[in-house]
Amino acid sequence: MPETVQESGTDQVDADEATVVPTAGGETDTVAPTQQADPAESDSDGDTDSDTDAEDSDEDGDGDDERGSEDLLVREGDIAGDYLERLLDLVDYDGDIDLDVEAGRAVVSIDGGDDLEKLVGPRGNVLEALQELTRLAVQQETGTRSRLMLDIAGWRADRRQELRDLGRATAERVLAGGDERVRLQPMTPFERKVVHDAVATFDGVHSESEGEDPRRRVVVFRQT
Amino acid sequence: MSFLADALEHLVRGIVDNPDDVRVELVTTRRGRTLELHVNPDDLGKVIGRGGRTATSLRTVMAGIGGRGIRVDVVDTDQ
């Protein structure tokens with residue numbers, strides 16, 4: 001079952017692989033970036049961090065520099081699991097909720113029936129919104145800001161691979177000559193982080209983010 | 001369609017200080033279906049969020065579940 005779900009989950013983003021448009025409605029963060037790097041995002045895929053990550057990485061806009069203790073993160077997962085399970089019950093969607101702690105943050109994954117696509121939405125916009133609400137629900141209980149990551153129907157995992165490919169292809173295109181800089185479509189902080197990391201594996205190019213959310217986008221430059 | 005109202009009520013109850021004051025009514029107007037969200041006045045800031053971010057998230061999730069035609073209006077209980 002999860003395989004089927006994952007396949008249909010990518011359909012929505014496969015339409016134009018190399019184009020990433022902003023998620024609708026501005027549910028991406030609008031807070032001013034701070035200089036605090038987000039350890040959760042930085043560690044999300046184990047790739048090299050580029051120095052541009054810091055400006056993108058503060059998805060939460062806070063200054064937390066302590067990783068939550070394991071106990072707190074487990075508790076975050078439990079609260080999030082209850083919140084989401086009740087939602088699935090109310091809308092009558094099939095889904096198994098898996099709780100984990102990875103790289104200093106709670107990770108909640110939901111896999112199951114085709115209905116879950118509605119909770120992913122076009123380009124993951126519903127997923128991002130639901131993650132935001134889930135973090136607020138966790139914060140309401142714990143009193144601490146949460147960096148919890150929510151994935152549904154494997155969407156983030158699939159998206160990460162697509163964005164990695166996009167980052168690499170863009171770096172190669174800039175290195176090959178022609179354009180000295182390539183501006184990508186606006187992306188969420190999660191998406192930009194993956195692209196920056198992919199670009200950072202190449203010598204001779206670097207990437208930065210420019211613009212304000214939800215129009216903030218990655219620009220890849222040839223180094224001179 | 002009352003599951004939409006129930007879902008919104010649940011999502012909001014989890015993020016406010018006064019969950020028992022959360023009430024959602026589904027009203028149908030010429031413009032379509034609207035979920036009227038009533039919360040304690042003290043919680044208005046929480047359901048709206050910085051720059052309207054939380055309200056936007058609520059609308060996005062409800063549109064995902066209920067379809068694009070669904071509106072969410074935030075009303076405080078004094079009204």
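Residues numbered from 1 in each chain as written. Chains lettered and ligands numbered in written order. Predicted model: local features only at pLDDT ≥ 70, side-chain atom pairs only at ≥ 80, totals over all residues. Heavy atoms only, no water.

Per an unreviewed UniProt entry, chain B carries the name RNA-binding protein KhpA and comes from Actinophytocola gossypii.

> Mind showing me how you'd approach the interface of chain A and chain B here?
Note: interface size is frequently given as the accessible area lost on complex formation between the parts. Listed as interface residues are 28 residues of chain A and, on the opposing side, 21 residues of chain B. Taken together, both faces of the contact between chain A and chain B bury some 2100 Å²; the carbon and sulfur share is 62%. Counting across the interface, chain A meets chain B through one salt bridge. Ionic pairing is found between Glu132(A) and Arg53(B), a salt bridge with its closest N-O pair at 2.8 Å. At the boundary of chain A with chain B, the tally comes to six residue pairs in polar contact (both at pLDDT 80 or more). (Contact = heavy atoms within 4.5 Å. Buried area = accessible area lost by both parts, 1.4 Å probe. Salt bridge = Lys/Arg side-chain N within 4 Å of Asp/Glu carboxyl O. Polar contact = N/O pair within 3.5 Å; in protein donor to acceptor, adjacent residues only side chain to side chain.)

> Please clarify how the confidence of the model for chain A should be interpreted in this entry.
The predicted coordinates ought not to be read in detail in places where the model reports low pLDDT. Residues and elements named next belong to chain A. On average, residues of chain A score 77 in pLDDT, and 70% of them reach the 70 mark or higher. Considering each helix and strand of chain A separately, the mean pLDDT is smallest for helix α1 (residues 2–14), with a value of 35, and largest for helix α6 (residues 125–142), with 97. The low-confidence segment residues 1–65 (pLDDT under 50) makes 150 contacts with residues lying over four places distant or belonging to another chain. (pLDDT = per-residue confidence, 0-100. Helix = DSSP H or I, 4+ residues; strand = E, 2+ residues; numbered from the N terminus.)

> What exactly am I supposed to notice about the sheet that holds strand β1 (residues 95–102) of chain A here?
The strands making up a sheet associate through backbone hydrogen bonding, with each pair oriented either parallel or antiparallel. Residues and elements named next belong to chain A. Strand order in the open sheet formed by three strands is β1-β2-β3, with mixed pairing between adjacent strands. Both outer strands of the open sheet, β1 and β3 (149–152), are each paired with one neighbouring strand and no more. Going across the sheet, the axis of each strand differs from the next one's by a mean of 15°, ignoring polarity. Sheet topology places strand β2 (residues 105–112) next to β3; four bridges connect them, and they run parallel. Within the sheet, the bridge partner assigned to Ser109 lies in β3 and is Asp151. Against the sheet, helix α4 (residues 70–91) engages β1, β2 and β3, with an angle of about 165° to β1. (Pairing = 2+ DSSP bridges. Axes fitted to C-alpha atoms, helices over the stretch in contact; angles between N-to-C directions.)

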